[in-house]
Amino acid sequence: MRFLRARGVPLNRATASIGLYSLVKGVSKALVLLVFLAVSPAWRRLGELVPDGPQLVPVAALAGGVVTGAGVLLTAVRPLRRPVTGLVRTALADVRVVHARPCRVLALWGGAVAMPLVQAGALGCVGAALGLGLSFAEVALAFLAAGTAVGAAPVPGGFAVDAALVWTLVAFGAEPAPATATVIGYRVVTDWLPLLPGALVLSALIRAKVL
């Protein structure tokens, strides 16, 4: 948001663009998950991870309450309704503009589809190095299923995603110790190691007044 504002993008368009990318990222990840479900026989093991019907009732009730509360809030609070309505209109206008040019469609959707594949590839490489014993398709399916499940549930991210990923890898046949080591190694490679170069780049961008 700060980068877009520094580049002269209005606040409503900057917010709408970030929201659009977040929406496309979630949809594309779900589509990639469906593809892996279709081509990998490991999807049968996902049934073991799905909670029973009674356990889904509190989650469904909480999600319905959040949606209902947001709707009532937008309807009752007029000062809040105007900026939200303007943001939705701007987002819809940006969607039409982006999807009117094939190169932008490819950049938006192609990047959103490539990101989970790259992340799953990194997890697969770490797992292969640590002797996880699962194929790339199984690792990718576990990664996508765990991330989608935690993203759909009203629980904090971070540790919850890692715990769900370890659980899913174990359900696919991996031993608990290699599965845990794989997830920790994946986090080290993708999160902790890039911290120093990321901080240096951020500092340079701030000094150059790009941010």
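Located above this text is the structure these notes cover.
What you see as residue numbers is a count from 1 along each chain, following the sequence as written. Under the rules for a predicted model, residues below a pLDDT of 70 receive no local features and side-chain atom pairs below 80 are neither given nor counted, while totals for whole chains, interfaces and linings still include all residues. The side-chain quantities take in all heavy atoms of the structure and omit both hydrogens and water.

## Notes on the overall build of the chain
Cut-off, in case you're wondering: Elements are defined by DSSP. Helices are runs of H or I of four residues or more, strands are runs of E of two residues or more, and each kind is numbered from the N terminus. A simple rule labels every residue: compare its accessible area, found with a 1.4 Å probe on the protein chains alone, to the largest value its type can have, and call it buried under 20%, exposed over 50%, or partly exposed in between. Residue contacts follow a heavy-atom distance rule, with two residues in contact if any of their heavy atoms lie within 4.5 Å. Here, Shrake-Rupley sampling with a 1.4 Å probe gives the accessible areas, and only protein chains in the shown set may cover a residue.
A count of helical and extended segments in the chain gives nine helices and zero strands. If you list the helices and strands of the chain from N to C, you get α-α-α-α-α-α-α-α-α. By the burial criterion, 25% of the 211 residues in the chain qualify as buried. Intrachain contacts of the chain at a sequence separation of at least 6 include 66% that bridge at least 24 residues. Total accessible area on the chain is roughly 13100 Å²; 73% of this is exposed by carbon and sulfur atoms.

## Quick look at the side chain of Thr168
Condition: In protein, a polar contact means a hydrogen-donor-capable atom and an acceptor-capable atom, both N or O and within 3.5 Å, with residues adjacent in sequence counting only if both atoms are side-chain atoms; elsewhere, any N or O pair within 3.5 Å suffices.
Tracing the backbone through its elements, the reader meets Thr168 in helix α7 (residues 159-171). Taking the relative accessible area as the measure of exposure, Thr168 reaches 4% and is therefore buried. Among the polar contacts listed, one links the side chain of Thr168 to the backbone oxygen of Ala164, at a separation of 2.7 Å.

## Observations regarding the nonpolar core
Note that soluble globular proteins tend to have their nonpolar side chains buried in a common cluster. Note the threshold: Each nonpolar core is a collection of buried residues, namely Ala, Val, Leu, Ile, Met, Phe, Trp, Tyr and Cys, held together in the definition by side-chain atoms within 4.5 Å.
Core analysis: the biggest nonpolar cluster contains 24 residues, and Leu132, Leu134, Phe143, Leu165 and Leu169 have the highest contact counts within it. Those elements that place two or more of their residues in this core are α2 (11-39), α5 (102-129), α6 (136-152), α7 and α8 (176-192). Of the residues forming this core, the biggest block, eight residues, is contributed by α6. In this structure, Leu165 is in contact with Leu123, Ala142, Phe143, Ala146 and Val183, ignoring residues within four places of it in sequence. One finds Leu20, Val24, Val98 and Ala112 within the second-largest nonpolar core, a separate group that totals five residues.

## Comments concerning the side chain of Ser28
Relative to the elements of secondary structure, Ser28 occurs in helix α2. Engagement of the side chain of Ser28 in a polar contact is seen with the backbone oxygen of Ala112, the distance being 3.2 Å. Setting aside anything within four residues of it in sequence, one finds Ser28 in contact with Trp109, Ala112 and Val113.

## Quick word on the packing of α5 against α8
Test applied: Convention adopted: a line fitted to C-alpha atoms gives each axis, helices being fitted over their contacting stretch, and angles between N-to-C directions are expressed from 0 to 180 degrees. Each angle receives one of four descriptions, namely roughly parallel if under 35 degrees, roughly antiparallel if over 145, roughly perpendicular if within 65 to 115, and oblique otherwise. Crossing handedness: left-handed means the near helix sits turned counterclockwise from the far one by under a right angle, and right-handed means the same turn made clockwise. Side-chain classes are defined by residue name, with Ala, Val, Leu, Ile, Met, Phe, Trp, Tyr, Cys and Pro counting as nonpolar, Asp, Glu, Lys and Arg as charged, and the others, Gly among them, as polar.
For the pair α5 and α8, interaxial distance at closest approach is 9 Å and the crossing angle is 125°. Looking at the two axes, α5 sits oblique to α8. The handedness of the crossing between α5 and α8 comes out as right-handed. Between α5 and α8, the residues in contact are Gln119, Ala122, Leu123, Val126 and Gly127 and Thr182, Gly185, Tyr186, Val189 and Thr190, respectively. When grouped by side-chain class, the residues that make up the contact of α5 with α8 number five nonpolar, five polar and no charged.

## Points about the packing of aromatic side chains
Two aromatic rings, taken as a pair, are described by how far apart their centres are and by the angle between their planes. The condition is simple: Two rings from Phe, Tyr or Trp (for Trp, the six-membered ring) form a pair when their centres sit within 6.5 Å of each other. Planes less than 30 degrees apart are called stacked, planes more than 60 degrees apart edge-to-face, and all others tilted.
This model, assessed by the stated rule, comprises two aromatic pairs. With a centroid separation of 6.5 Å and 65° between ring planes, the pair formed by Phe36 and Phe136 is classed as edge-to-face. Within this pair, whereas Phe36 is found in helix α2, its partner Phe136 is found in helix α6, the two being separated by 100 residues in sequence. When its relative accessible area of 44% is taken as the criterion, Phe136 is described as partly exposed. Ring centres of Phe143 and Tyr186 lie 6.0 Å apart, and the angle between their planes is 75°; on these two criteria the pair is classed as edge-to-face. One end of the pair, Phe143, is in helix α6; the other, Tyr186, is in helix α8, and 43 residues separate them in sequence. Across the pair, Tyr186 and Phe143 agree in class, each one buried.

## Quick notes on α5
Rules: Helices are assigned an expected span. That span is 1.5 Å times one less than the residue count.
With 28 residues, α5 ought to run about 40 Å at 1.5 Å a step, and its terminal C-alpha atoms sit 39 Å apart, in line with that. Residues of α5 that are buried include every one of Leu108, Ala112, Pro116, Ala120, Gly121, Leu123, Gly124, Val126 and Gly127, and no others. Trailing α5 by a residue or two, Gly131 shows a phi angle of about 70°, which is positive.

## Focus on the packing of α2 against α5
Axis separation between α2 and α5 bottoms out at 8 Å; the angle between their running directions is 55°. Here α5 runs oblique to α2, going by the angle between their axes. Relative to α5, α2 is oriented so that their crossing is right-handed. For the pair α2 and α5, contact is made by Leu20, Tyr21, Val24, Lys25, Val27, Ser28, Lys29, Val32 and Phe36 and by Leu108, Trp109, Ala112, Val113, Pro116 and Leu117, respectively. In terms of residue class, the contact of α2 with α5 is built from twelve nonpolar, one polar and two charged.

That is the geometry; function is a separate question.
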